[in-house]
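One letter stands for each residue in the lines below.
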Amino acid sequence: ADAAFDRIRSNRIKQSTHIHTMSNPFFPDDDALRTLINELVPTVDIRTTGIKSFTKLLAKHVTDQLQARNNGNKEIDVSYAELKEKSQFIRDELTVAINNMAAESDGEHDSDDDDDDDSDMETEGTPAKTRRSRGEGGGLSAKKKISTKLAKFLRKAGVVPMPSESNDDVKLARTAIVKGLWAYIRKHELQNPNNKKEIVLDKAMKKCFSTDKFDMFTMNRYISVHVEPFPSMNQLLAAAKKKSKEKQKQKATAKKSGKTKGKKDKKTGGQPPYRLSDDMASLLGKRVLPRPQVVSGIWAYIKSNELQNPENKREIFCDDKLSRVMDNESKVTMFSMNKYISQHMVEKVDRSEYVHED
């Protein structure tokens, strides 16, 4: 029976170019897949992992997450073959995720925010709650002033929608810059055919970035020079070196004390706790929680109140309490709801204010 099922399933894959919408109702949409890719990237050695191997790991990660969010239903499965039709999307999002990681490793963002994919960049003198109420983006999606040189290049390349006719005082999100540059790189076939991770710059890019080539890992540093606060390359290299030494020191300390990353106990409060908004505190019954416990609490609420659509388990119907947390939406998906969580994590607090409960 299992073999027959496998043959039928294999035939479906061959016959349909839209398998994820036609035969697998659990296949994640683009937003969900983007979230899952960003979850997986930090756990993989990207430098030695090819796109094929990454896609296989992603298939397992997607399946594990879907099963976990559907009461351990082992019948749910997203295969490598199904993900292959999204290979270009995965490649693009993987590139962006790599550059995002590079931005963090170069010390561009406060290290306290590294644990939060959707964390907001705090602007000095502006309360976090005020910024969130205005709907301002944070982190790598925050729009920052870029150099006139980069603005001129992007405008002439036509790969990024420019907010004004002038090249002065242009503000763009780093994610938009990265995607635009990769669109230009692919259009002009600038990847080294013998090493796709290496970019050989053309005349226009050389003029902008003042180098002959870079790879997808060092590319971020060349972008950072052109993004507010416009650090020099020497400053970026020094910051990266300092952070690398700190990580090595932490590893040495952990090794000396007999602790390793793989043995980390989540019950000890590995992630920092946050003071929650009134709406989130009302939903979860707690005022202070780390992000993993916030997510777990929301899912416990969803399941206890039977808010999953029985015909499509990915879809969540919002009652009054949940709707207030989900930006007054009447329904969300199991993946899209993640983007609403950060605005309710008002401020990071001292770990002593949170005690983990089994």
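About the thresholds
- Residues numbered from 1 in each chain as written.
- Predicted model: local features only at pLDDT ≥ 70, side-chain atom pairs only at ≥ 80, totals over all residues.
- Heavy atoms only, no water.
- Pairing = 2+ DSSP bridges.
- Helix = DSSP H or I, 4+ residues; strand = E, 2+ residues; numbered from the N terminus.
- Salt bridge = Lys/Arg side-chain N within 4 Å of Asp/Glu carboxyl O.
- Buried < 20%, exposed > 50% of the residue type's maximum accessible area, 1.4 Å probe, protein only.
- Arc of directions from axis to C-beta.
- Contact = heavy atoms within 4.5 Å.
- Axes fitted to C-alpha atoms, helices over the stretch in contact; angles between N-to-C directions.
- Parallel < 35°, antiparallel > 145°, perpendicular 65-115°, else oblique.
- Left-handed = near helix turned anticlockwise from the far one by under 90°.
- Nonpolar A, V, L, I, M, F, W, Y, C, P; charged D, E, K, R; others polar.
- Core = buried A, V, L, I, M, F, W, Y, C linked by side-chain atoms within 4.5 Å.

Trainee: Run through the sheet that holds strand β4 (residues 195-200), naming residues and quoting values.
Mentor: Judged by pairing direction, the sheet is antiparallel, and its 3 strands sit side by side in the order β3-β4-β5 without closing on themselves. Edge strands, defined here as strands with exactly one partner in the open sheet, are β3 (191-192) and β5 (213-215). Taken together, the 2 bridges between β3 and β4 define a ladder with antiparallel strand orientation. The residue of β4 that forms the bridge with Gln191 is Ile199.

Trainee: Now, about the pattern of salt bridges: what can you tell me, with residues and values included?
Mentor: Under the defined criterion, the tally for this structure stands at 10 salt bridges. One salt bridge connects Glu347 with Arg275, and the closest N-O pair in it is separated by 3.1 Å. Here Glu347 is found in strand β11 (residues 345-348), whereas its partner Arg275 is found in strand β6 (residues 273-276), with 72 residues between them in sequence. Assessed through its relative accessible area of 27%, Arg275 is described here as partly exposed. Put simply, Lys331 and Glu315 hold a salt bridge, and the shortest N to O gap is 3.5 Å. Here the residue Lys331 occupies a position in strand β10 (residues 331-333), and Glu315 occupies one in strand β9 (residues 312-317), the gap between them amounting to 16 residues.

Trainee: Can you tell me about the pairing of β6, naming the residues and giving the values?
Mentor: Of the pairings in the sheet, the one linking β6 to strand β7 (residues 288-290) comprises 3 bridges and is antiparallel in character. For Tyr274, the partnering residue across the bridge sits in β7 and is Leu289. Two strands pair when backbone bridges link them, and β6 and β11 are joined in this way by 3 bridges, in the antiparallel orientation. Within β11, the position partnered with Leu276 by the bridge is Met345.

Trainee: Give a description of helix α8 (residues 148-157) that names residues and reports values.
Mentor: Within α8 the residues assigned to the buried category are Leu150, Ala151, Phe153, Leu154 and Ala157. Taken end-on, α8 shows its buried residues confined to a sector of 165°, consistent with a single buried face. Residues of α8 that are exposed and point more than 90 degrees away from the buried face comprise Lys152 and Lys156. At its buried positions, α8 is contacted by β2 (171-173), α9 (174-187) and α10 (203-209). Two residues or fewer after α8 comes Gly158, characterised by a positive phi angle close to 70°.

Trainee: Go over the packing of helix α3 (residues 30-40) against helix α4 (residues 51-68), please, and point to the residues and values.
Mentor: With their axes 10 Å apart at the nearest point, α3 and α4 run at an angle of 110° to one another. In terms of orientation, α3 lies roughly perpendicular with respect to α4. In this structure, α3 meets α4 at a crossing whose hand is right-handed. Across the interface between the two elements, Leu33, Leu36, Ile37, Glu39 and Leu40 from α3 touch Phe54, Leu57, Leu58, His61, Val62 and Gln65 from α4. Here the residues of the contact of α3 with α4 sort into 8 nonpolar, 2 polar and 1 charged.

Trainee: Please provide a residue-by-residue account of the packing of α8 against α9, values included.
Mentor: Running from N to C, α8 and α9 cross one another at 50°; their axes reach a closest spacing of 11 Å. Considered as vectors, α8 and α9 are oriented oblique to each other. Crossing angle aside, the handedness with which α8 passes α9 is left-handed. Counting all contacts with α8, which are made through Leu150, Phe153, Leu154 and Ala157, the residues of α9 involved are Ile177, Leu181 and Tyr184. When its residues are assigned to classes, the contact of α8 with α9 shows 7 nonpolar, no polar and no charged.

Trainee: How would you summarise unusual backbone geometry if you had to cite specific residues and measurements?
Mentor: Between Glu228 and Pro229 the backbone carries a cis peptide bond, its omega angle lying at 15°. Summarising the element assignment, Pro229 is placed in the loop between α11 (219-224) and α12 (233-256). For Glu189, which is not a glycine, the phi torsion comes out positive at approximately 50°. The topology assignment puts Glu189 in the loop between α9 and β3. Phi at Phe230 is positive, roughly 55°, even though this residue is not glycine. In this fold, Phe230 is placed in the loop between α11 and α12. Residue Phe230 is classed as partly exposed on the basis of its relative accessible area, which comes to 35%.

Trainee: Mind laying out the nonpolar core, listing which residues take part and the relevant values?
Mentor: Phe54, Leu58, Met280, Ile298, Leu322 and Met326 are the most contacted members of the largest nonpolar core, which has 47 residues in total. Secondary structure elements with two or more residues in this core: α3, α4, α6 (87-105), β6, α13 (278-284), β7, α14 (291-304) and α15 (320-325). Sequence-distant contacts of Met280, defined by excluding residues within four places in its chain, comprise Val294, Ile298, Val325, Ile341 and His344. Of all hydrophobic cores here, the second largest spans 29 residues; its members include Val96, Phe217, Met219 and Ile223.

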